[in-house]
Every structure is written in C-alpha cells, then in structure tokens.
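# Reading the structure
Now for the letters of each chain:
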Amino acid sequence: MRLTIVGCSGSFPGPESAASCYLLEAPFEGRTFRLVLDLGSGALGPLQEYIDLRDIDAISLSHLHADHCFDMSGLYVVRKYHPAGAPPKIPVYAPPGSDWQLSNAYGTTAPNGMTLPFEFHDLVDGLETTVGPFTVTARRTPHPVEAYAVRIEHEGRVLVYSGDTGPDDGLAEFAAGADVFLCEASFVESAENPPDLHLTGADAGRIAGKARVGRLLLTHIPPWTDRDEVEADLATTWSGERALVRPGDVVEL
C-alpha cells in the first residue's frame, strides 16, 4: 500500500494545507486501485497533483463535518459534467444519510442528486467489507456527529485512520498491531479542551502505545495550533517511530 497525504489541516484549510484528505493506493487486477479517505475543504485541488479525478475508484468519509467531506461537491461536478463524459459510479462509504446531506450541501436540482455519480454504502460500527484490494473495517468514535475510524488491510499490512475522535480506550484495541496509525491530534495538553471532540498528541501516543503500532503519524492539526507543542506532548507518551505529517508526504506500507 502507498499512502499519500493530500491534506492534513484540522478543522479548516490552512495556508499550507487543505483539510483532511488521504490517498491510498494498491495493485488490483493488473492496475492501481485508488481509495480516497476523506475529501475535506480545499482538498480537491491538490488531489489533482497526484491523480486524475476520474481515476478515483472508491471514497471513504469518516464523518460529515466540512473539513472531511465538503469537496465532494466539486467531485460531483467533475463526475457528472466532465467533457469526456460521465465515468461509472464509484462507491462512497459514509455514515447513514450522507447521500441526502451531501446533496443538500451542493444544492442539486434533482432530489438526492448526489447519487447520480456516487453509490452510497452505510459506514456503521463493526462493518467489515471489501473495497477493491482492501479489507475495510469501521469503528464508531466519540465525536459530536456520527464518526468512524477505519482499519484497512492489504496483503498482511494494516493502516488505521482515526478520523476525528475524542479520547477512546477502545481505539487501541481497534488499532492493535497496525503498521501505520494515522491519528488526529487537534488539541494541546496546556489548553482546557472540551470532552469527546479531539485528541492531544499525548492522547495519540497513549493509544499507539497500547496498540503497539509500528509507526504513529499525527494529522488534523489546526492552523492556529503550535505543531512543536503537539510534538512535545506526543514525546511524553510515545518514543516509537513518529511524524507530524505534511501535504505531499508518502508512506509505503
């Protein structure tokens, strides 16, 4: 598997990064299969640096906050109106009701028009499904809206993406043994943080330690947050291989 960080800014796009978007690629039936994890605000532009938007094979949306899904509106335009013609529908794995919510967000003229270029599948707690060459498992996480972490396996290698989550003891079990744990770290320990919303670097490190992951990659750091402080918080709970990701980073699993 190859993971490319397309956008990693938390909560909204920053001057150096789009919001959450990750491209996961693996061989499948003699070609490369492309799964996009989240398509947040501002991500559709830089995603085109890596692939033709018509070559996306599937999408997984962790939840429906703008910084994780709003550029689905732009992709709707590409897949419906491209001069070369509309490509076949692609599957979108997302929380129940995402088709209607995303349709309303775009303002499609046809009822539930978002289903014209996309085939929606409910992402629910405990779901295990096959997406091209990947086995994808979902787990509900604590967040103000329905949100999911996903565990993606391919030929014995494992990537776990936390999505957005507050502190969650069960996430360590879900991420157990992952080769790469892509985990949000939006908060810092020095602040008074609201409950059940996001993690600090220290929280992410504790989860990674319990899960015994191979590499911990921190993401979803808002533009107003000091990355050095996030890294310092992480160092208090995790001494293993780690990085705070940036757009354009490529990770081979």
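Below is a short write-up of the structure. As a convention, each chain's residues are numbered from 1 in the sequence order in which they are written. Residues qualify for local features only when their pLDDT is at least 70, as the model is predicted, and side-chain atom pairs are given and counted only at 80 or more; totals for whole chains, interfaces and linings, by contrast, use all residues. Computation of side-chain values covers all heavy atoms of the structure but excludes hydrogens and water.

A separate point is the sheet that holds strand 11 (residues 180–184). Strands were regarded as paired on the criterion that DSSP finds at least two bridges between them. Per the convention used, a helix needs a DSSP run of H or I reaching at least four residues, while a strand needs a run of E reaching at least two, with both numbered from the N terminus. Pairing in this open sheet of 7 strands is mixed, and the strands run 7-8-9-10-11-12-13 from one edge to the other. The sheet terminates laterally at strand 7 (128–131) and strand 13 (241–244), the two strands that pair on one side only. With direction set aside, neighbouring strand axes in the sheet form an average angle of 20 degrees. As judged from the 5 bridges shared by strand 11 and strand 12 (residues 215–219), these two strands associate in the parallel manner. Each residue of the ladder has a partner; that of Leu 182, found in strand 12, is Leu 217. Helix 7 (residues 227–235) contacts strand 12 and strand 13 of the sheet and is inclined by roughly 160 degrees relative to strand 13. Angles here are taken between N-to-C directions and fall from 0 to 180 degrees, while the axes themselves are lines fitted to C-alpha atoms, restricted in helices to the stretch in contact. By definition in these notes, contact holds between two residues if any of their heavy atoms fall within 4.5 Å.

Before going further, it helps to examine unusual backbone geometry. Peptide bonds are mostly trans, and most non-glycine residues show a negative phi. In this model, Glu 155 sits at a positive phi of 50 degrees, which is unusual for a non-glycine residue. The exposure class assigned to Glu 155 is exposed, which follows from its relative accessible area of 75%. Even without a glycine there, the phi angle at His 220 is positive, about 65 degrees. Locating His 220 in the fold gives a position in the loop between strand 12 and helix 7. Each residue's exposure class comes from its accessible area (1.4 Å probe, protein chains only) as a fraction of the maximum for that residue type: buried when under 20%, exposed when over 50%, partly exposed otherwise. Using a relative accessible area of 2% as the deciding quantity, one classes His 220 as buried.

What holds strands together in a sheet is hydrogen bonding between their backbones, with the strands either parallel or antiparallel. The sheet built from 7 strands is open, its strands ordered 6-5-4-3-2-1-14 with mixed pairing. Only two strands of the sheet have a single partner each, and these edge strands are strand 6 (118–122) and strand 14 (250–252). Strand after strand, the sheet turns through a mean of 20 degrees between neighbouring axes, direction not considered. When strand 5 (residues 90–94) meets strand 6, the two strands line up parallel, connected through 5 bridges. In the strand pairing of strand 6, Pro 91 is matched with Glu 119. Taken strand by strand, helix 3 (residues 72–81) contacts strand 3 (31–39), strand 4 (58–60), strand 5 and strand 6, and its axis lies near 140 degrees from that of strand 6.

Below, the discussion takes up the packing of aromatic side chains. A ring pair, where both rings are aromatic, is described by two values, the distance of the centres and the angle of the planes. Each Phe, Tyr or Trp ring, with Trp reduced to its six-membered ring, pairs with another whose centre is within 6.5 Å; inter-plane angles below 30 degrees give stacked pairs, above 60 give edge-to-face pairs, and intermediate values give tilted ones. By the definition in use, this model includes 6 aromatic pairs. Taking 4.6 Å as the distance between ring centres and 50 degrees as the angle between the ring planes, the aromatic pair formed by Tyr 76 and Tyr 106 counts as tilted. Of the two residues, Tyr 76 sits in helix 3 while Tyr 106 sits in helix 4 (residues 98–106), which places them 30 residues apart along the sequence. Tyr 76 sits in the buried class, given a relative accessible area of 2%. Put simply, the rings of Phe 28, Phe 33 and Phe 134 touch in pairs and so form one group of aromatic residues.

Burial runs high along strand 10 (residues 157–161): 4 of the 5 residues are buried. Alignment of strand 9 (residues 147–154) against strand 10, held across 5 bridges, turns out to be antiparallel. For Glu 153, the partnering residue across the bridge sits in strand 10 and is Val 158. Counting the residues in the hairpin turn of strand 9 and strand 10 gives 2 residues, including Glu 155, whose phi is positive at 50 degrees. Across 3 bridges, the pairing between strand 10 and strand 11 is parallel.

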